[in-house]
Amino acid sequence: MSEDDVKGLTNTGLPYDDMDSKVVQARNHALRQCRRYNFLVNSENHYKYMILRDLFASMGENVYIESNFQCEFGFNISIGNNVYLNHDMIILDCHEVTIGNDVYVGPRVGLYAANHAEDPFERADHVVYAKPIHIGDRVWLGAGVHVLQGVSIGANSIIGAGSVVTKDIPENVVAAGNPCKVIRPIKYKDREKMIKDEDKALLVE
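Because the structure is a prediction, the values reported are computed rather than measured.

Chemist: Can you help me understand the sheet that holds strand β9 (residues 104-105) in this one?
Modeler: By definition, the strands of a sheet pair up through backbone hydrogen bonds, in either a parallel or an antiparallel sense. Read across the sheet, seven strands follow the order β3-β6-β9-β14-β17-β19-β20 without closing on themselves; strand pairing throughout is mixed. Each end of this open sheet is capped by a strand with a single partner; those strands are β3 (63-65) and β20 (181-185). As paired strands, strand β14 (residues 140-141) and strand β17 (residues 158-159) are joined by two bridges and run parallel to one another. Residue W140 lies in a different strand from β17, and its bridge partner there is I158.

Laid out in structure tokens, this is it:
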């Protein structure tokens, strides 16, 4: 099975047969590797990241992935440095899924690059199409967040727990809801005040 062969079907943005033999083979391989990883974490508390490094397109340093992780193929996933993925993370990487640096992800979060055909007869014939997902640096996804295909989330932004993200979210905002909408900008003044207070404390000490 060639990764390029599967990418040639899934990463075009065009409809493809989700039950194509190459697609099924790649999916089953990822399933087996994820089960190996999760078994070692749950049974031996052994986080054997080499299993996932071999599966992913790329994986940075200081990445922590909790148990019950699942992905579609793995080879479309790129993860930066200092990333924490909590329990029950699901990534349907039928297209490229990129997670930046210093990203926190809560439990039971899903990134879904795939979608089934709207036409019921095409859907019955296993027709699927996929679009990429991009999570920027220093993003925080709260518990139970679902990010749909084609969505980009800008750097530093926070997505509130339980949100369903159907459209792009800009940088430096707090967003939440179903569908997810921007609530307010990040309060950098609060951060500046906190830093000043810390500096004062250091001078006193």
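Read on for the rest.
Chemist: Help me understand unusual backbone geometry in this model?
Modeler: Glycine aside, a negative phi is what most residues show, and trans is what most peptide bonds show. Here the amide bond leading from N178 into P179 is cis, since omega sits at 0°, within 30 degrees of zero. Along the chain, P179 turns up in the loop between β19 (173-176) and β20. Positive phi outside glycine occurs at D102, with the angle close to 60°. D102 gets classed as partly exposed once you look at its relative accessible area, which sits at 35%. For H126, which is not glycine, the phi dihedral falls at a positive 70°. By secondary structure assignment, the location of H126 is in the loop between α4 (120-124) and β12 (127-130).

Chemist: Sorry, what's going on with the pairing of β19 here?
Modeler: On a regular strand, each side chain points to the face opposite its neighbour's, so the side chains alternate between the two faces of the sheet. In this sheet, β19 lies alongside β17 in parallel orientation, the contact comprising two bridges. Following the sheet pairing, I159 is matched in β19 by A175. Across four bridges, β19 lies against β20 in antiparallel orientation. Pairing of A175 across the sheet is with V182, part of β20.

Chemist: Looking at this structure, I do not really get the sheet that holds strand β2 (residues 58-59). What am I missing?
Modeler: In space, the five strands of this open sheet follow the order β2-β5-β8-β13-β16, with parallel pairing throughout. Looking at strand neighbours, the two that pair on one side only are β2 and β16 (152-153), the edges of this open sheet. Pairing between strand β5 (residues 77-79) and strand β8 (residues 97-99): three bridges, direction parallel. Each bridged residue has a counterpart across the sheet, and for S78 the counterpart in β8 is T98.

Chemist: So what exactly am I meant to see when it comes to the UniProt feature "domain: Maltose/galactoside acetyltransferase" (unreviewed entry) in the protein here?
Modeler: When the UniProt feature table is mapped onto this chain numbering, "domain: Maltose/galactoside acetyltransferase" (unreviewed entry) sits at residues 7-61. Structurally, residues 7-61 comprises 64% helix and 7% strand, and the distance from its first C-alpha atom to its last is 26 Å.

Chemist: How should the pairing of β20 be read in this particular structure?
Modeler: With zero of five residues buried, β20 is to be regarded as a mostly surface element. Where β19 folds back onto β20 in an antiparallel hairpin, the turn is made up of four residues, including G177, whose phi is positive at roughly 115°.

Chemist: For this particular structure, what's the right way to read the state of the cysteines?
Modeler: As used in these notes, a disulfide is a covalent bond between sulfur atoms, one from each of two cysteines. Counted by the stated rule, this structure contains zero disulfides. With no disulfide partner, C34 has as its closest neighbouring cysteine sulfur the one in C71, 3.7 Å distant. Taking the relative accessible area as the measure of exposure, C34 reaches 0% and is therefore buried. A residue is classified by how much of its surface remains accessible, and C71, at 4% relative accessible area, is buried.

Chemist: Help me out: how do you make sense of the packing of aromatic side chains in this one?
Modeler: Counting across every chain of the model gives six aromatic pairs. Here the aromatic rings of F56 and F69 are separated by 5.9 Å at their centres, their planes lie at 65°, and the arrangement is edge-to-face. Here F56, found in the loop between α3 (49-55) and β2, pairs with F69, found in the loop between β3 and β4 (70-71); they are 13 residues apart in sequence, far enough to count as distant. For the pair F56 and F69, a shared accessibility class is recorded, and that class is buried. Look at F73 and F75: their rings are 5.4 Å apart centre to centre, the planes differ by 5°, and that puts the pair in the stacked class.

Cut-off values and rules
Residues numbered from 1 in each chain as written. Predicted model: local features only at pLDDT ≥ 70, side-chain atom pairs only at ≥ 80, totals over all residues. Heavy atoms only, no water. Pairing = 2+ DSSP bridges. Helix = DSSP H or I, 4+ residues; strand = E, 2+ residues; numbered from the N terminus. Buried < 20%, exposed > 50% of the residue type's maximum accessible area, 1.4 Å probe, protein only. UniProt positions renumbered as here; feature names shortened; annotations may be inferred. Disulfide = S-S within 2.5 Å. Phe/Tyr/Trp six-rings, centres within 6.5 Å; stacked < 30°, edge-to-face > 60°.

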